[in-house]
There are 2 protein chains.
Amino acid sequence: MSHHIDSSSSQASSELARYMQALGARARAAASVLALADSGQKNAALACIGERLEAGREALKAANREDLALARERGLASALLDRLELTDARIDAMIQGLATVASLDDPVGAIDGLKRRPNGLRIGKMRVPIGVIGIIYESRPNVTVDAAALCLKSGNACILRGGSEASRSNALIGECVSLGIEDAGLPREAVQVVGTSDRAAVGELVRMRESIDLIIPRGGRSLIERVSEEAKIPVLKHLDGNCHVFVDASAELERALEIAFNAKTYRYGICGAMETLLVDVSIAEAFLPRIAERLIDHGVELRGCERARALVPSMLAASEEDWYTEYLGPTLAVRVVDGAEAAIEHINHYGSHHTDAIVTEHLARSERFLAAVDSSSVMVNAPTCFADGAEYGLGAEIGISTDKLHARGPVGLEGLTTQKYVVLGEGQLRG
Amino acid sequence: MSHHIDSSSSQASSELARYMQALGARARAAASVLALADSGQKNAALACIGERLEAGREALKAANREDLALARERGLASALLDRLELTDARIDAMIQGLATVASLDDPVGAIDGLKRRPNGLRIGKMRVPIGVIGIIYESRPNVTVDAAALCLKSGNACILRGGSEASRSNALIGECVSLGIEDAGLPREAVQVVGTSDRAAVGELVRMRESIDLIIPRGGRSLIERVSEEAKIPVLKHLDGNCHVFVDASAELERALEIAFNAKTYRYGICGAMETLLVDVSIAEAFLPRIAERLIDHGVELRGCERARALVPSMLAASEEDWYTEYLGPTLAVRVVDGAEAAIEHINHYGSHHTDAIVTEHLARSERFLAAVDSSSVMVNAPTCFADGAEYGLGAEIGISTDKLHARGPVGLEGLTTQKYVVLGEGQLRG
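Residues numbered from 1 in each chain as written. Chains lettered and ligands numbered in written order. Predicted model: local features only at pLDDT ≥ 70, side-chain atom pairs only at ≥ 80, totals over all residues. Heavy atoms only, no water.

1. So, the overall build of chain A
Phase 1: Along its length, chain A carries 15 helices and 16 strands.
Phase 2: Taken over the C-alpha trace, chain A has a radius of gyration of 24 Å; the compact-globule value for 431 residues is 22 Å, and the two agree within 12%.
Phase 3: Here the contacts in chain A between residues at least 6 apart in sequence split such that 72% fall between residues at least 24 apart.
Phase 4: For chain A, the exposed surface amounts to about 16,600 Å²; the carbon and sulfur share of it is 49%.
Phase 5: Charge centroids of chain A, computed over 46 positive and 59 negative side chains, lie 6 Å from each other. (Helix = DSSP H or I, 4+ residues; strand = E, 2+ residues; numbered from the N terminus. Rg over C-alpha atoms; globule rule 2.2 N^0.38 Å. Contact = heavy atoms within 4.5 Å. Areas by Shrake-Rupley, 256 points an atom, 1.4 Å probe, with all protein chains shown as cover. Lys, Arg positive; Asp, Glu negative; His and termini not counted. Charge placed at Lys NZ, Arg CZ, Asp CG, Glu CD.)

Structure below.
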């Protein structure tokens, strides 16, 4: 049984709404079964999905080739074509990812902080799945498997809406996932791939309050903003990573050089890459020319404030706009600041509350920076590029939340659960 | 300096928007100071607020009398008039509440789960304030102090929007709160009372994404639904408490009688009051006539399913609508069910995911009920009326969340905070 509908026909919006509502109702029903499945059953499903993907490898590559051909016809940029492609190595990685998620601890059912009250009631919090999660993403078809695996292991049903350019690949991956889940005796509708490329489907999805508990958008700024604007359901979003490294007056010079260089150059395109370097005025003369030489040699373009340019004349002049910018490329803004308080103020004002670091040997300033910088990750003597679920020991991540509520920073299995109170009595009465 | 504006003039909506934006900007500025204030300073502010309320006691009562007179003229129902009134005893309770909040542990700054990664990085989560919280409530002016105290202690700035019928009382309480905060050397704009009764102010408040991080509505269903519909900011809401007690086949009869009676009659008007009693068919004949007699003697009207009415013929017939209803009064729906699974199904289908209890002596069924009932509190052998922050040991609560994300069930100081990652390194590099 396939739930796909023809995306090329011009559907009445009520038909689309009915289709989406049906997806939601099936997800809700599957969620109540999945919430009570034990870890063994969920791990078995992950293994079965891997087997289905292995068995479907050639068909998957064929479907992906059709997606690629159509995308090329439509003139998709080569970076996007690259993301879209399913090579054997990428299919291997998808299957390996399933095994990784199976190896992670199951967070569901743990009871935290069970304490006895004066009247003898024992009260604690039990970790439970959220319910049904809607995930909206772009291009990369591997997200279909990664997201499905994390939701499944954390006991949540999910509805996945990938990019239209990957629709054939995603539909087939979704079929493998559902068959694998069924092989393990769990409801195949625990994971459903939206079977229409109609953009209006996203609008429906983010308003299905009755059947969806959380929306996770993964993609560019315009997708995230559209979802935030239209959603009637809680959204866990991942916005920009405009990350800073602040080199404090007390920083050990060689360490600061290594950290700043690594934070910028480990990978330009990740959200934890440093985008602005802040340098205390008292160490600027010793530090700035050296880091600048190393970065420029590496092909990084520097845009500095006036004091920075006085020390490194080859820098371009930074504009106000630069302090706000996530370059995601070989460009770096550089500013000389008067002490740690000025650095903190710059970060909280211009930053995106993602990840920010201080390099310092001064205890009180490290404590102050940790407390005062309002970001999802705050680091001392480490490069911002460490902001990543695997590096944090989460095993795998569904994304990095820049929201403040529920989950902040890299979101792993625990971030896909919530807690309910359990109250254990022996006939106590109130009043 | 007072930020009140004249609510009787017909303002241009742009003027209202400017006024609200200014409140938001001041709150944001105050929040960054408050987030770093230590517990001693915050407790001092709570004490100073108490002194200001004590000093303003006569003025407060006079302002409240004006509110009451106007409300009577407008024909406000007597239950609402009662809620609105500020007696000496209620002012005492407000001041006592401040002392209670001062005595609670400050959650801010605690670091949980700091663990060393294989590369030596130490990674944990630091508890921090959320930022700026908007609270929208009705009638009771004491909420102004309670909410301000909880936000202050948890390091959050807040913007309070009370009911228009309490505007004079709330304005004066807000003035006492701001003066008390200032007395302790913290920014007076850490707590601001919206100085207009214009209903459009709520619409502005729930869209101020830049300056408010969380909206907490406290009030009736129509307020909550309006806020949920219009909000562009995360909302922590408290919806209905349609609570159940299920008397399992194995229940000890006397215990079940006491728990069911207490759950219904402790107080009819609280959200934890039992609204539907579910009874396993195998114990119904022994249990139902006895609990029915006791409840009917107490003045409770019973509405039952057919099997219940066969055992207690004086019961009215329950309609499908009754299973969904939160009576908040001396009415109880009664249904005979075929086992624990049927009870769980009924609760998850008709309930409001607030608080539900099982009375049982059977271990596996108690575990099953705890795992499968999808409510913010699930109880074993205890009456649902225990659902309350003070009873749970939270000291005080800002409300009971029926949302699944961030905080579920009674929300105390910890629910008004969030966590950020802290990463402590010694120059580790990635890759």
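Don't stop here, the text continues.
2. Details of the sheet that holds strand β5 (residues 191-193) of chain A
Residue and element names in this part refer to chain A.
Phase 1: One open sheet holds the four strands; their spatial order is β5-β4-β3-β6, and the pairing between them is parallel. Every other strand in the sheet has two partners, leaving β5 and β6 (214-218) as the edge strands with one partner each. The average angle at which neighbouring strand axes cross in this sheet is 15 degrees, direction not considered.
Phase 2: In the sheet, strand β3 (residues 132-137) pairs with strand β4 (residues 157-161) via five bridges, with the strands oriented parallel. Within β4, the position partnered with isoleucine 133 by the bridge is cysteine 158.
Phase 3: Seen against the sheet, helix α7 (residues 167-183) touches β3 and β5 and runs at an angle of roughly 160 degrees to β5.
Phase 4: Helix α9 (residues 221-230) rests against β3 and β6 of the sheet, and its axis sits at about 160 degrees to β6. (Pairing = 2+ DSSP bridges. Axes fitted to C-alpha atoms, helices over the stretch in contact; angles between N-to-C directions.)

3. Topic: helix α15 (residues 363-372) of chain B
Phase 1: What α15(B) keeps buried is the set B:Ser366, B:Phe369, B:Leu370 and B:Ala372.
Phase 2: As for α15(B), its buried residues are in contact with β2 (122-129) and β16 (417-424) of chain A together with β7 (243-247), α14 (340-350), β12 (355-359) and β13 (377-380) of chain B. (Buried < 20%, exposed > 50% of the residue type's maximum accessible area, 1.4 Å probe, protein only.)

4. Some details on the relation of the copies chain A and chain B
Phase 1: When chain A is brought onto chain B, the operation consists of a screw motion whose angular component is 180 degrees and whose axial shift is 0.0 Å, with 0.0 Å RMSD remaining. Those values place the two copies in the arrangement expected of a two-fold rotation axis. When each C-alpha of chain A is compared by its distance to the rotation axis, A:His406 comes out closest, at 1.9 Å.
Phase 2: Counting the interface residues of chain A, we find that 98% of their copies in chain B are interface residues as well, pointing to one common contact surface. (Least-squares fit on C-alpha atoms with pLDDT ≥ 70 in both.)

5. Things to note about the pairing of β16(A)
Phase 1: With eight of its eight residues buried, β16(A) lies for the most part within the structure.
Phase 2: Here β16(A) shows two buried faces, one formed by A:Thr417, A:Gln419, A:Tyr421 and A:Val423 and the other by A:Thr418, A:Lys420, A:Val422 and A:Leu424.
Phase 3: Pairing analysis gives eight bridges linking β2(A) to β16(A), with the strands arranged antiparallel. Paired with A:Arg122 across the bridge in β16(A) is A:Leu424.
Phase 4: Examined bridge by bridge, β16(A) and β13(B) share four bridges and lie parallel to one another.

6. Digging into the packing of aromatic side chains
Phase 1: According to the stated counting rule, one finds four aromatic pairs over all chains in the structure shown.
Phase 2: With a centroid separation of 4.9 Å and 70 degrees between ring planes, the pair formed by B:Tyr324 and B:Tyr350 is classed as edge-to-face. With B:Tyr324 in helix α13 (residues 320-324) and B:Tyr350 in helix α14, the pair connects residues that are 26 residues apart, well separated along the chain.
Phase 3: B:Tyr324 sits in the partly exposed class, given a relative accessible area of 37%.
Phase 4: The ring of A:Phe261 carries A:Arg294 above its face, with NZ or CZ at 4.1 Å from the centroid. (Phe/Tyr/Trp six-rings, centres within 6.5 Å; stacked < 30°, edge-to-face > 60°. Lys NZ or Arg CZ within 6 Å of the ring centre and 35° of its normal.)

7. Thoughts on the sheet that holds strand β4 (residues 157-161) of chain B
All names here are of chain B.
Phase 1: Ordered in space as β5-β4-β3-β6, the four strands form an open sheet in which the pairing is parallel. Only two strands of the sheet have a single partner each, and these edge strands are β5 (191-193) and β6 (214-218). Sheet twist, expressed as the average angle between the axes of neighbouring strands with direction ignored, equals 15 degrees.
Phase 2: The sheet contacts of helix α1 (residues 13-34) involve β3 (132-137), β4 and β5, and relative to β4 the element is tilted by about 145 degrees.

8. Digging into the domain arrangement of chain A
Phase 1: Each assigned domain of chain A is listed here: domain 1 (13-230) and domain 2 (243-386).
Phase 2: Distance from the C-alpha centre of domain 1 of chain A to the C-alpha centre of domain 2 of chain A: 37 Å. (Domains from an automatic or database assignment.)

9. Here we look at helix α10 (residues 253-265) of chain A
Phase 1: Between its first and last C-alpha atoms α10(A) spans 18 Å; for 13 residues at 1.5 Å apiece the expected length is 18 Å, and the two agree.
Phase 2: Residues of α10(A) that are buried make contact with β7 (243-247), β8 (274-280), α11 (281-297), β11 (331-337) and β12 (355-359) of chain A. (Expected span 1.5 Å × (residues − 1).)

10. Thoughts on the environment of A:Ala372
Phase 1: Within the secondary structure layout, A:Ala372 lies in helix α15 (residues 363-372).
Phase 2: Classification of A:Ala372 as buried rests on a relative accessible area of 12%.
Phase 3: Sequence-wise, A:Ala372 and A:Ala256 are 116 residues apart; in three dimensions their C-alpha atoms are separated by 21 Å.
Phase 4: Leaving out residues up to four positions away in the same chain, A:Ala372 has contacts with A:Ile344, A:Asn348, B:Leu36 and B:Lys420.

11. Examining the packing of α10(A) against α11(A)
Residues and elements named next belong to chain A.
Phase 1: Direction vectors running N to C along α10 and α11 enclose 40 degrees, while the axes themselves pass 10 Å from each other. In terms of orientation, α10 lies oblique with respect to α11. In the crossing of α10 with α11, the sense of the turn from one axis to the other is right-handed. Contacts between α10 and α11 involve Leu253, Glu254, Ala256, Leu257, Glu258, Ala260, Phe261, Lys264 and Thr265 from the former and Ile283, Ala286, Phe287, Arg290, Ile291, Arg294 and Leu295 from the latter.
Phase 2: Per-class residue counts for the contact of α10 with α11 are ten nonpolar, one polar and five charged. (Parallel < 35°, antiparallel > 145°, perpendicular 65-115°, else oblique. Left-handed = near helix turned anticlockwise from the far one by under 90°. Nonpolar A, V, L, I, M, F, W, Y, C, P; charged D, E, K, R; others polar.)

12. Regarding the UniProt feature "domain: Aldehyde dehydrogenase" (unreviewed entry) in chain A
Phase 1: As annotated by UniProt and renumbered to match this structure, "domain: Aldehyde dehydrogenase" (unreviewed entry) occupies residues 29-295 of chain A.
Phase 2: With 51% helix and 17% strand, the stretch residues 29-295 of chain A has end C-alpha atoms that lie 55 Å from each other. (UniProt positions renumbered as here; feature names shortened; annotations may be inferred.)

13. Structural notes on the nonpolar core
Phase 1: Core analysis: the biggest nonpolar cluster contains 49 residues, and B:Leu53, B:Ile135 and B:Leu160 have the highest contact counts within it.
Phase 2: With eight residues, helix α6 (residues 142-153) of chain B is the largest single contributor of residues to this core.
Phase 3: With sequence-adjacent residues up to four places away left out, B:Leu160 is seen in contact with B:Ile135, B:Tyr137, B:Thr144, B:Ala147, B:Ala148, B:Val191, B:Gln192, B:Val193 and B:Val194.
Phase 4: In this structure, A:Cys151, A:Ala190, A:Leu413 and A:Leu416 belong to the second largest nonpolar core, which totals 48 residues. (Core = buried A, V, L, I, M, F, W, Y, C linked by side-chain atoms within 4.5 Å.)

14. What about the confidence of the model for chain A?
It should be kept in mind that the predicted coordinates are not to be read in detail where pLDDT is low.
All names here are of chain A.
Phase 1: Looking at chain A, the pLDDT average stands at 94 and 97% of residues meet or exceed 70.
Phase 2: Confidence over residues 1-8 falls short of pLDDT 50; this stretch has 17 contacts with residues more than four positions distant or in other chains.
Phase 3: As scored by the predictor, the complex reaches a pTM of 0.91 and an ipTM of 0.91. (pLDDT = per-residue confidence, 0-100.)

15. Some details on the side chain of B:Asn156
All names here are of chain B.
Phase 1: Tracing the chain through its elements places asparagine 156 in the loop between α6 and β4.
Phase 2: Judged by relative accessible area, asparagine 156 falls into the buried class, the value being 1%.
Phase 3: Within polar-contact distance, the side chain of asparagine 156 engages the side chain of serine 154 at 3.0 Å.
Phase 4: Leave out the neighbours within four places in its chain, and asparagine 156 touches Leu34, Pro129, Ile130, Gly131, Ile133, Cys151, Ala190 and Leu416. (Polar contact = N/O pair within 3.5 Å; in protein donor to acceptor, adjacent residues only side chain to side chain.)

16. Some words on the pairing of β6(B)
Residues and elements named next belong to chain B.
Phase 1: With four of its five residues buried, β6 lies for the most part within the structure.
Phase 2: Bridging between β3 and β6 involves five bridges; their strand directions are parallel. Across the sheet, residue tyrosine 137 finds its bridge partner in β6, namely arginine 218.

17. Concerning the side chain of A:Arg161
Residues and elements named next belong to chain A.
Phase 1: For arginine 161, the position within the fold is in strand β4.
Phase 2: One buried charged side chain, arginine 161, makes no salt bridge at all; its nearest oppositely charged neighbour is aspartate 198, positioned 6.1 Å away.
Phase 3: Among the polar contacts made by the side chain of arginine 161, one reaches the main-chain carbonyl oxygen of serine 197 at a distance of 3.4 Å. (Salt bridge = Lys/Arg side-chain N within 4 Å of Asp/Glu carboxyl O.)

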